[in-house]
Amino acid sequence: MPGPEPAAAVPGPCIFGTGRLLPLIDVLSAEIAGVREDDDIEHVHRMRVASRRLRAALPLFAECFPEKEYRLWLREIKKITRALGAARDTDVQIAFLKKYLKSQAAPIPQNVPVKNPEDTSHSGDPLGTLLARLQKQRGILQKKVIAVLDELEHSQVLPSLRAACAPPTEIGKRKKRERYAGVLPVAAGRVGRRLQAIHQYEPFVHNPDAVFEHHALRIAAKKLRYTLEAYAPLYRRSLARPIARIKRLQDLLGETHDCDVWIEQMSLAIVRQRSRRHPDAGEGGPSVSAVAPFRRLLVNREKRRARLYRQFVRYWDGLVRTGFWKILSSAALTGQRSAFSSRRSLPAKEEREAFLRLAAVAPDHLAHSRTVMALALRLFDQLAPLHGLSRRDRTLLSYAATVHDIGWLHGQAGHQKKSAEMILASPGLPVPVREQGIVALVAGLHGGKMQARPDGFFTILVPADKKRVRALAALLRVADGLDYLHAANVTGLSCTVRAADVLCTLTCAGDAATEKARATRKSDLFAEVFGKPLVIT
């Protein structure tokens with residue numbers, strides 16, 4: 001039987017998300033007429049940026065819409081982004097080439113006929129001919145843009161998306177904290193995922209020839225910026241300073257990429273020009289080399305690229321030196337506005353009951369979860385000298401064990417990941433954002449391959465919390481394995497920390513060979529975290 005619609009399960013993130021999407025839809029729609037008229041290239045630029053923002057924001061709230069409609073909307077928005085991107089890139093190249101020719105005191109051709117778009121050698125001014133070719137190409141791209149706009153309007157994507165984002169009338173009567181309940185941990189996880197993509201390319205920052213990786217870093221920075229902008233109202237000062245710094249990084253990398261494009265094009269043009277056979281060579285041939293203008297432009301762009309790269313490296317090193325990335329991670333966890341994040345502390349009993357209510361969404365797994373929790377806490381207590389964790393960590397482990405299998409609501413496949421997502425987005429958990437994320441991560445690591453490292457929220461945790469997550473997950477994995485058959489065959493255990501390993505002796509109500517084998521198999525993370533293999537007898 002299919003589970004309930006995700007939008008109903010996570011109303012807070014969806015109410016917030018649809019409210020953030022509506023202005024983006026309006027900005028995109030407002031530029032359509034100007035792009036059609038094609039009398040100002042800024043219309044294309046603004047619509048391209050609006051489509052990119054919408055394209056980046058829509059997946060953040062994908063669970064709020066029916067899957068079929070969501071995929072249609074995203075596909076159509078991607079089409080318009082690609083078409084506008086090609087047109088805008090050509091506009092930028094035309095504008096640069098005009099400026100360059102003017103700086104070289106070269107004539108700027110007007111409506112030069114180009115019979116063969118690939119041929120830039122038949123004129124005495126190769127760069128002028130290249131400019132004419134780009135202008136002709138821009139006209140062709142404009143027709144493609146119009147065709148995509150026609151398709152967009154015919155599909156009624158924007159009106160249908162706008163209608164889907166319309167909030168229920170009763171939502172406006174709620175307080176912000178109630179209206180957007182559950183959105184803060186989700187926002188932190190999204191920011192963490194974008195930061196993880198940034199850090200992936202950090203090893204290539206000081207390699208001037210890592211052109212592909214620098215471009216990929218630019219895209220990662222752009223996505224991080226759009227994610228911060230999407231969730232900015234939740235945070236103090238709307239994250240204005242971090243967004244501005246990410247934009248500066250993105251701009252430096254963007255200008256660098258523009259230079260890389262020109263360097264590649266000019267290098268290819270030189271190779272093609274030098275390999276040509278001149279038909280009038282018998283009459284003396286051309287007196288001026290057609291390669292020289294390309295070579296001068298190549299040198300110009302290489303010098304500009306070198307300057308931009310030095311600026312980028314200095315800027316990146318400054319961000320690292322001032323701890324910008326750590327500060328941004330901390331802000332994602334604790335920088336929320338009080339209107340959204342402040343909540344009074346609840347007694348332990350009420351806190352515990354909130355997790356029990358969440359576990360009740362998967363009633364078939366409640367008995368298993370109780371057994372796993374008892375075993376996990378027994379392991380925690382028996383191995384206290386080994387892990388050195390706190391009393392609060394023990395409580396978080398009990399919460400993670402209680403809700404670790406709620407992802408079964410959506411089926412067995414990938415239920416660990418689904419459990420983590422549901423815990424992170426749950427609006428009724430009265431714990432701080434950081435602790436809600438820790439519980440979600442521990443629950444998400446209870447099964448599957450040990451090599452599958454957590455991402456997203458895990459990225460923004462401080463090292464001590466990352467260590468805490470892995471230690472608690474190691475205990476939960478073993479406890480879950482000890483009740484693999486959901487039969488509660490293992491009723492107790494006693495553990496001894498030895499010099500070379502950790503010995504755990506089980507008390508069983510029946511044959512527990514399967515459970516022992518499964519727990520041993522799932523002790524891989526245990527051995528990695530604690531530096532000792534687990535022996536189960």
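Counting restarts for each chain: residues are numbered from 1 in the order of the written sequence. pLDDT decides what is reported in this predicted model: residues at 70 or higher carry local features, side-chain atom pairs at 80 or more are listed and counted, and totals for whole chains, interfaces and linings draw on all residues regardless. Heavy atoms from the whole structure form the basis of all side-chain values; hydrogens and water molecules are not counted.

Secondary structure elements are taken from DSSP: a helix is a run of H or I of four residues or more, a strand is a run of E of two residues or more, and numbering for both begins at the N terminus. Looking only at helices and strands, one finds 23 helices and three strands in the chain. In the chain, the share of contacts with a sequence separation of at least 24, taken over all contacts with a separation of at least 6, comes to 75%. Each accessible area is a Shrake-Rupley estimate made with a 1.4 Å probe; only the visible protein chains count as cover when residues are assessed. Roughly 26300 Å² of accessible area belongs to the chain as shown, and the carbon and sulfur atoms make up 54% of that amount. Note on contacts: a residue pair is in contact if any heavy atoms of the two residues lie within 4.5 Å.

Relative to the helices and strands, Arg301 resides in helix α12 (residues 292-321). The buried label goes to any residue with under 20% of its type's maximum accessible area, the exposed label to any with over 50%, and the partly exposed label to all in between, with areas taken from a 1.4 Å probe on protein chains only. Positive charge is attributed to Lys and Arg, negative charge to Asp and Glu, and no charge count is given to His or to the chain ends. Whenever Lys or Arg places a side-chain nitrogen within 4 Å of a carboxyl oxygen from Asp or Glu, that contact is recorded as a salt bridge. Comment: no salt bridge for buried Arg301; closest opposite-charge side chain is Glu255, at 7.1 Å. Beyond its immediate sequence surroundings of up to four residues, Arg301 is in contact with Phe96, Cys259, Trp262 and Ile263.

This next bit is on the state of the cysteines. Simply put, disulfide is the name for a covalent bond between the sulfur atoms of two cysteines. Two cysteine sulfurs form what is called a disulfide whenever their separation falls within 2.5 Å. For the coordinates displayed, the defined rule picks out two disulfides. Residue Cys14 pairs covalently with Cys64 via a disulfide, S to S 2.1 Å. With the S-S bond torsion at -90°, the cross-link from Cys14 to Cys64 turns out left-handed. Highlighted residues: Cys14 in helix α2 (residues 11-30) and Cys64 in the loop between α4 (41-57) and α5 (67-103), separated in sequence by 50 residues. Taken as a pair, Cys14 and Cys64 share a single burial class, namely buried.

A word on the pattern of salt bridges. Enumeration according to the criterion identifies 28 salt bridges in this entry. Across the pair Glu67 and Arg71 runs a salt bridge, and its minimum N-O distance is 3.0 Å. Taken as a pair, Glu67 and Arg71 lie in helix α5 at a separation of four residues, close to a single helical turn. Residue Glu67 shares its accessibility class with Arg71, and that shared class is exposed. Put simply, Arg394 and Asp381 hold a salt bridge, and the shortest N to O gap is 2.8 Å. Taken together, the positions of Arg394 in helix α18 (residues 391-403) and Asp381 in helix α16 (residues 366-382) put the pair 13 residues apart, joining distant regions of the chain. Among the ionic contacts, a cluster of salt bridges with common partners joins Glu351, Arg392, Asp393, Arg434, Glu435, Asp465 and Arg468.

Okay, the packing of helix α20 (residues 433-444) against helix α21 (residues 463-481) next. For helices, the axis comes from a line fit to the C-alpha atoms of the stretch in contact; other axes are also lines fit to C-alpha atoms, and the angle between any two N-to-C directions lies between 0 and 180 degrees. Across the interface, α20 lies against α21 with an axial gap of 8 Å and an inter-helix angle of 40°. With respect to each other, α20 and α21 are oriented oblique. As for the relative orientation of α20 and α21, their crossing is right-handed in sense. When α20 is examined against α21, the residues Arg434, Ile438, Leu441, Val442 and Ala443 are found in contact with a partner set consisting of Asp465, Arg468, Val469, Leu472, Ala473 and Leu476. Each residue belonging to the contact of α20 with α21 can be placed in one class, and the counts come to eight nonpolar, no polar and three charged. When describing relative orientation, an angle under 35 degrees is termed roughly parallel and one over 145 degrees roughly antiparallel, while 65 to 115 degrees is termed roughly perpendicular and anything else oblique. Handedness of each helix crossing follows the sense of rotation of the near helix against the far helix: counterclockwise by less than a right angle gives left-handed, clockwise gives right-handed. Note that Gly is not counted as nonpolar here; it falls among the polar residues with everything else outside the nonpolar set of Ala, Val, Leu, Ile, Met, Phe, Trp, Tyr, Cys and Pro and the charged set of Asp, Glu, Lys and Arg.

Attention now goes to the packing of α4 against helix α10 (residues 211-231). Viewed as axis vectors pointing N to C, α4 and α10 meet at an angle of 75°, and their least axial separation amounts to 9 Å. With respect to α10, the axis of α4 lies roughly perpendicular. Mapping the contact onto sequence places Val49, Arg52, Arg53 and Ala56 in α4 and Lys222, Arg225, Tyr226 and Glu229 in α10. Residue composition of the contact of α4 with α10, grouped by class: three nonpolar, no polar and five charged.

Turning our eyes to something else, we now look at the sheet that holds strand β2 (residues 502-508). Two strands pair if DSSP finds at least two bridges between them. In spatial order, the strands read β1-β2-β3; together these three strands make up an open sheet with mixed pairing. Of all strands in the sheet, those with a lone pairing partner are β1 (490-497) and β3 (534-536), marking the two edges. Within this sheet the neighbouring strands show an average axis-to-axis angle of 25°, counted without direction.

In this section: the layout of surface pockets. Only protein atoms enter the 1 Å grid, on which a cavity is a set of points fitting a 1.4 Å probe that cannot get out and a pocket is an open set with protein on both sides within 12 Å along at least 5 of 7 lines, lining residues being those with an atom within 4 Å of a point. Grid points are joined across faces, edges and corners, and a volume is the space filled by probe spheres set on the points. By volume, the second largest pocket amounts to about 810 Å³. As for the second largest pocket, its lining consists of 27 residues, of which Arg48, Arg52, Asp89, Arg218 and Asp258 are closest to the centre. Where the lining of the second largest pocket is concerned, the elements lending two or more residues are α4, α5, α10 and α11 (240-274). With nine residues, α11 is the largest single contributor of residues to the lining of the second largest pocket.

Position of Lys467 relative to the elements: it lies in helix α21. Sequence spacing of Lys467 and Val529 is 62 residues, and the spatial spacing of their C-alpha atoms is 8.2 Å.

In this section: the pairing of β2. Sheet analysis places β1 next to β2, joined by seven bridges and oriented antiparallel. Note that in β2 the partner of Cys495 across the bridge is Cys504. With antiparallel pairing between neighbouring strands as the criterion, β1 and β2 make up a hairpin whose turn holds four residues. Both β2 and β3 contribute to a ladder of three bridges, which runs parallel. Within β3, the residue paired with Cys504 across the bridge is Ile536.

Right, let's get into a negative patch on the surface. Taken together, the side chains of Glu37, Asp39, Asp40 and Glu42 present a region of like negative charge at the surface. Of note, Asp40 is situated in the loop between α3 (32-37) and α4. Here Asp40 falls in the partly exposed class, since its relative accessible area comes to 33%. To count toward a patch, a residue needs a relative accessible area over 30% and no salt bridge; like charges are then connected within 9 Å, while nonpolar side chains (Val, Leu, Ile, Met, Phe, Trp, Tyr) are connected within 5 Å. Charge positions come from single atoms, namely NZ of Lys, CZ of Arg, CG of Asp or CD of Glu.

Another aspect to go through is the nonpolar core. A general tendency of soluble globular proteins is for nonpolar side chains to be buried together. Among buried residues, those of type Ala, Val, Leu, Ile, Met, Phe, Trp, Tyr and Cys that are joined through side-chain atoms within 4.5 Å constitute a nonpolar core. One finds Tyr231, Phe312 and Trp325 to be the most contacted residues of the largest nonpolar core, which totals 137 residues. Per-element accounting of this core gives the leading share, nine residues, to α21. When near neighbours in sequence (up to four residues on either side) are disregarded, Phe312 contacts Val205, His214, Leu217, Leu249, Leu252 and Leu253. Counting 18 residues, the second largest nonpolar core, distinct from the first, contains Ile94, Leu97, Val291 and Leu298.

Our next topic: the confidence of the model for the chain. Of all residues in the chain, 88% have pLDDT values of 70 or greater, and the mean over the chain is 88. Averaged pLDDT values for the elements of the chain fall to 36 in helix α1 (residues 6-9) and rise to 97 in α18. Per-residue confidence from the prediction method is given by pLDDT, with values spanning 0 to 100. Note that pLDDT drops below 50 for residues 1-10; the model gives that stretch nine contacts with residues more than four away or on any other chain. Confidence over residues 114-123 falls short of pLDDT 50; this stretch has 18 contacts with residues more than four positions distant or in other chains.

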